[in-house]
Amino acid sequence: MSTLATTVLDLLLDPLAYDFMVRALLTTLIASVVCAVLSCWLVLIGWSLMGDAVAHAVLPGVVLAYVVGAPFALGAVVFGFLAVGLIGVVRDTSRVKEDAAIGIVFTTLFALGLVLISVTPSQTDLNHIIFGNLLGVSWPELTQVMVLGAVVLAVLVLKSRDFTLYAFDRTHAHAIGLRPRLLGAVLLGLLALTAVVALQAVGVVLVVAMLIIPGATAYLLTDRFGRMLVLAPVVSASCAVIGLYASYYLDTAPGGTVVLAQGAAFTVVYLASPRHGLLGTRWAARRRRLRRERAGA
Amino acid sequence: MATAPAPAVDVREVTVHYGEVLALDRASLRVEPGRVCGLIGMNGSGKSTLFKTIMGLVAPEHGTVAVDGGTSARARRAGAVAYVPQSEEVDWSFPLTVRDVVMMGRYGHLGLTRRPRRGDHEAVDAALERVGVAPLASRQIGRLSGGQRKRAFVARGIAQGARVLLLDEPFAGVDRDSEATMVRLLRELAAEGAGIVVSTHDLHALPELADEAALLMRRVLLHGPTAQVLRPENLAMAFGLGLDGRAER
Ligand SMILES: Nc1ncnc2c1ncn2[C@@H]1O[C@H](COP(=O)(O)OP(=O)(O)O)[C@@H](O)[C@H]1O
Ligand SMILES: [Mg+2]
C-alpha cells in the first residue's frame, strides 16, 4: 500500500525535478484556467469562430512586436481588433456572409504572420508561436503569461455580471443605459490577450480548443452560470496537468496532449452528463416512456 | 399649478431605413403615462423597429423621439424604459435562473461589479411575487411556460422600476389563461402610472388590455380608442383582409 503511494508520488514528482517542467506546468495551468473562464462567455455568446479568428489573427501582431521589441500583448491586441474590424467591414459592405468574412480575414492575417516569420531573422524560433513550445518556456515568458493572465482574470471577475448580461440580452443592457458595444469590445480585447497567454502553451493553432472546450464542457454539466465559471477552469486545469504528465511519460507533444485530454473530457461529459449528456437524456426519455406506459396500463 | 405629466413615449415623424428597406415612414406615436397602447401591424410592418427606435437602438434619419419627458438616452440612464423582447430574440437555454434574469433589472442601479445589496434582493422578490412566478424563481429561465417566461421579463422591468414598458409580441406562443393573467398584470401596472406599448398581430386580447390602439404599416395609419381602431373597415387598412380578427392569412 505504502509502496504504491510512493510510486505514484514518484511519478508525480520526478518530472518536477526539471526546471523546464515546472515552468511548463505553471504555464499550462495559468493558460488553461484563464482560457476556461473566458470560454464560458464565448460559448454562450456564440463567439467560438470569433475566438478562432482572433487567436490566429494575432500572429502577425506578435511577430511585428518581436521585430520592433514591443510587448507581444500590444501587437496581439492591435491585430485582434484589426481582425474583428475587418470582419465587420467585409460582412457589412459586401454580400459575403459573416462566416465567410471570418474565414477570409483570419486566414489572410495568419498567412501574413507566416510570411513575416519566414523573413524575420531571430534567435528564438518563431515557429514555436504556431505550435507552442511548452517545454521551452523561459522565465520572462512565464512572467508575461502570469501578468497577462492576472489582468484578464481580474477584469473578467470584476465585470463578470456585465459580461453575462451582454451575453444574455444586449438589448436590455442598452435599455438600462449600459454600453453593450463597449462591453463587447472589452471582451474582444481580453480574447486577444488570452490568445497570447494560450499560444505560449499550445500554439496559435490549438488556442481555439482551450477557448471553447472547457466552456462547452461546463455548459453540458450545469444550468447555473456561476457553476460553469467554477467547473470550466477545474476541468481545464485537470486536463492540463494530466495532459502534461502524459506527454512527459509517453514522450508526446505536450500542447497536443493537453488539448487531447480536454477533448477526451468533453467526450465523457457529452456522453455521460446527467443533465445534458447523450446517455442521460436518453435514459430520462426512457424512464418517462416507461412511466407513461405503466400509467396507461 | 399642476402641469400635465410628460408623455411616456412621444415619437414624431420617424423614418428608418435598413439599407434599401423602408421600415418606418414618418411614423408618429404618443402614449401617455397610465395608458396601455396596442400596436397592431402585420409581420414586417415595423413594430419591432419602432421599439428599437424608442430605445435608441436604431437612429432615425428623420423625426424625433422623446421618452418619459426627455431624450431616449436620458430615459435609459434613469432606468425608465423596460423592454420585453420577442421570444425568438432570447436564448432560452442560457444557464441563468429566473431570479438571475429578474435581478438584471437592477443592474442600472448597482455599482461597478453589480453586486446586489439587500434592497435589490427585496425588489427582485417583490417583482417575482407580483407577477406570480416566485415559486419558480430558482428554475432555469427556459424551464418556464411561454406565459411565465413573459411574466418573468415583465418582473425584470418591475424590479428595474421602469415607468415605460415596451412589450414586443408578448402573446405569441402563450395560452389563453396566461394571456388573461398578463392582461390583468399590465392593467395593474398602467393603473399605477406606467405607460405601456404592446405590439401584437393577435387582436382578441386587445379590447380588454388596451385603452387605445395604433395601426402600423410603416406609418401609423390610425391611432385612437381600441374599439374604434378594431372596426373591420379600419383593420382592413392595415391587414388588407384581416377581418376575422386575425392578423395572419
Ligand atoms: N436588421 C435588419 N436588417 C434589414 N432589414 C430589417 C432588419 N430588421 C427589420 N428589417 C426589415 O424591416 C421591416 C420591418 O421589420 P420589423 O420592425 O421587424 O417588423 P415587425 O416587428 O412588425 O414584424 C421588415 O421589412 C424587415 O424585413
Ligand atoms: Mg417584430
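The rules behind each value
- Residues numbered from 1 in each chain as written.
- Chains lettered and ligands numbered in written order.
- Predicted model: local features only at pLDDT ≥ 70, side-chain atom pairs only at ≥ 80, totals over all residues.
- Heavy atoms only, no water.
- UniProt positions renumbered as here; feature names shortened; annotations may be inferred.
- Helix = DSSP H or I, 4+ residues; strand = E, 2+ residues; numbered from the N terminus.
- Rg over C-alpha atoms; globule rule 2.2 N^0.38 Å.
- Buried < 20%, exposed > 50% of the residue type's maximum accessible area, 1.4 Å probe, protein only.
- Contact = heavy atoms within 4.5 Å.
- Areas by Shrake-Rupley, 256 points an atom, 1.4 Å probe, with all protein chains shown as cover.
- Lys, Arg positive; Asp, Glu negative; His and termini not counted.
- Charge placed at Lys NZ, Arg CZ, Asp CG, Glu CD.
- pLDDT = per-residue confidence, 0-100.
- Near = heavy atom within 4 Å.
- Polar contact = N/O pair within 3.5 Å; in protein donor to acceptor, adjacent residues only side chain to side chain.
- Axes fitted to C-alpha atoms, helices over the stretch in contact; angles between N-to-C directions.
- Parallel < 35°, antiparallel > 145°, perpendicular 65-115°, else oblique.
- Left-handed = near helix turned anticlockwise from the far one by under 90°.
- Donors = N, O, S within 2.8 Å, 3.2 Å for Na, K, Ca; no water.
- Buried area = accessible area lost by both parts, 1.4 Å probe.
- Salt bridge = Lys/Arg side-chain N within 4 Å of Asp/Glu carboxyl O.
- Nonpolar A, V, L, I, M, F, W, Y, C, P; charged D, E, K, R; others polar.
- Expected span 1.5 Å × (residues − 1).
- Bend = angle between axes of the 7 residues up to and from the residue.
- Pairing = 2+ DSSP bridges.
- Patch = residues over 30% accessible without salt bridge, like charges linked within 9 Å, V, L, I, M, F, W, Y side chains within 5 Å.
- Arc of directions from axis to C-beta.
- Phe/Tyr/Trp six-rings, centres within 6.5 Å; stacked < 30°, edge-to-face > 60°.
- Lys NZ or Arg CZ within 6 Å of the ring centre and 35° of its normal.

If you check an unreviewed UniProt entry, chain B appears there as Metal ABC transporter ATP-binding protein from Actinotalea soli. In its Sequence similarities (unreviewed entry) section, the UniProt entry covering chain B states "Belongs to the ABC transporter superfamily."

Q: Give a detailed account of the overall build of chain A, specifying residues and quantitative values.
A: Across its full length, chain A carries 14 helices and 0 strands. For 297 residues, the compact-globule estimate of 2.2 N^0.38 gives 19 Å, and the C-alpha radius of gyration of chain A, at 21 Å, lies within 12% of that figure. In terms of principal-axis extent, the alpha carbons of chain A reach across some 80 × 65 × 35 Å. Across the 297 residues of chain A, 48% fall into the buried class. Residue pairs in contact within chain A that sit at least 24 positions apart in sequence constitute 74% of those at least 6 positions apart. Of the accessible surface of chain A, which amounts to about 13900 Å², a share of 68% is contributed by carbon and sulfur atoms.

Q: Explain the overall build of chain B residue by residue, including any values.
A: Tallying secondary structure elements over chain B gives 9 helices and 9 strands in all. Here the C-alpha atoms of chain B give a radius of gyration of 18 Å, agreeing with the 18 Å that 2.2 N^0.38 yields for 249 residues. Taking the principal axes of the C-alpha coordinates as reference, chain B spans close to 50 × 45 × 40 Å. The buried share of chain B, reckoned over its 249 residues, is 54%. Pairs at least 24 apart in sequence give 67% of the contacts found in chain B among residues at least 6 apart. Summing over all exposed atoms, chain B offers an accessible surface of approximately 10600 Å²; the carbon and sulfur share of this is 50%. Here chain B holds 31 positive side-chain charges and 29 negative ones, and the gap between their average locations is 5 Å.

Q: Please give an account of the confidence of the model for chain A that cites residues and values.
A: Across chain A, pLDDT averages 91, with 98% of residues at or above 70. The secondary structure element of chain A with the lowest average pLDDT is helix α14 (residues 278–296) of chain A, at 81, and the one with the highest is helix α8 (residues 160–168) of chain A, at 97.

Q: Now, about the site of ligand 1: what can you tell me, with residues and values included?
A: Residue and element names in this part refer to chain B. Around ligand 1, the neighbouring residues are Y18, V21, A23, M42, N43, G44, S45, G46, K47, S48 and T49. Measuring from an oxygen atom of ligand 1, one finds a backbone N or O atom of G44 at 2.7 Å. Against a free-state accessible area of 560 Å², the protein chains account for coverage of 60% of ligand 1. Contributions of two or more residues to the shell around ligand 1 are made by β2 (21–31) and α1 (47–54).

Q: Tell me about the packing of helix α11 (residues 204–221) of chain A against helix α13 (residues 254–272) of chain A, and please be specific about residues and values.
A: Residues and elements named next belong to chain A. It is the contact of α11 with α13, at a shortest axis distance of 9 Å, that shows an interaxial angle of 20°. Compared by their axis directions, α11 and α13 come out roughly parallel. The two elements α11 and α13 meet at a crossing, and its hand is left-handed. The segment α11 lies against α13, with L206, A209, M210, I213, P214, A216, T217, L220 and L221 engaging G255, G256, V258, V259, Q262, G263, A265, F266, V269 and Y270.

Q: Tell me about the coordination of the magnesium ion (ligand 2), and please be specific about residues and values.
A: Residues and elements named next belong to chain B. Protein-derived coordination of the magnesium ion (ligand 2) comes from S48 (OG) and Q86 (OE1), at a distance range of 2.1 to 2.7 Å. In this pair, S48 sits in helix α1 while Q86 sits in the loop between β5 (81–84) and α3 (98–103), placing the two residues 38 residues apart along the sequence. Of the two residues, S48 and Q86, neither departs from the other in class, the shared state being buried.

Q: Could you give me a rundown of the interface of chain B and chain A, with the residues and numbers involved?
A: Counting from both sides, the interface comprises 32 residues of chain B and, opposite them, 25 residues of chain A. Between chain B and chain A lies a buried interface of about 2600 Å² when both sides are counted; carbon and sulfur atoms form 61% of it. Across the chain B-chain A interface, the total number found is 3 salt bridges. Scanning the region where chain B abuts chain A turns up 14 residue pairs in polar contact (both at pLDDT 80 or more). For the side of chain B that touches chain A, the secondary structure elements donating two or more residues are α2 (72–77), β5 and α5 (146–160) of chain B. Among the elements that make up the side of chain B that touches chain A, the one with the highest residue count is α5(B) (3 residues). Here the residues of the side of chain B that touches chain A are counted per class, giving 15 nonpolar, 9 polar and 8 charged.

Q: Quick one: what's the story with helix α2 (residues 19–45) of chain A, residue by residue and with numbers?
A: All names here are of chain A. With 27 residues, α2 should reach 39 Å at 1.5 Å per residue; the first-to-last C-alpha distance of 39 Å fits that figure. Of all the bends found along α2, the most pronounced is centred on S39 and spans about 35°. Among the 27 residues that make up α2, 19 are buried, leaving the element largely enclosed by the rest of the structure.

Q: So what's going on with the confidence of the model for chain B? Which residues, and what values?
A: Residues and elements named next belong to chain B. Mean pLDDT over chain B: 92, with 95% of residues reaching 70 or higher. Taken element by element, chain B is modelled with least confidence in helix α9 (residues 232–239), mean pLDDT 83, and with most confidence in α3, mean pLDDT 98. The ipTM value of the predicted complex is 0.92, and its pTM value is 0.91.

Q: With reference to specific residues and values, describe the pairing of strand β9 (residues 219–225) of chain B.
A: Residue and element names in this part refer to chain B. Sheet topology note: the strand β8 (residues 212–217)/β9 ladder contains 6 bridges and is antiparallel. Across the sheet, A214 pairs through a bridge with H223, a residue of β9. In textbook terms, the turn of a hairpin is the stretch between consecutive antiparallel strands, and for β8 and β9 this stretch comprises 1 residue, one of which, R218, has a positive phi near 65°.

Q: Report on a nonpolar patch on the surface, specifying residues and quantitative values.
A: All names here are of chain A. A surface patch of nonpolar side chains, amounting to about 450 Å² of accessible area, comprises L4, V8, L9, L12 and L13. Residue placement: L12 occurs in helix α1 (residues 2–13). For L12, a relative accessible area of 39% gives the class partly exposed.

Q: Summarise helix α4 (residues 118–131) of chain B; cite the residues concerned and give the values.
A: Residues and elements named next belong to chain B. Helix length check: α4, at 14 residues, gives a terminal C-alpha distance of 20 Å against a target of 20 Å (1.5 Å per residue), a fit within 8%. What α4 keeps buried is the set D120, V124, A127, L128 and V131. Along the long axis of α4, the arc covered by the buried residues comes to 100°, so they all point the same way. The exposed set on the far side of α4, more than 90 degrees from its buried face, consists of R118 and E129. Packing partners of the buried residues in α4 comprise α3, α5 and α6 (176–191).

Q: An account of the packing of aromatic side chains is needed here, citing residue identities and associated values.
A: With the rule as written, the count across this model stands at 11 aromatic pairs over all chains. Through a chain of ring-to-ring contacts, three or more aromatic side chains come together here, namely A:Y18, A:F20, A:Y248 and A:Y249. Its end group placed over the ring of A:Y166, A:R170 keeps NZ or CZ at 4.4 Å from the ring centre. Here the guanidinium or amino end of B:R149 rests over the ring plane of B:W92, the centre of that ring lying 4.3 Å away.

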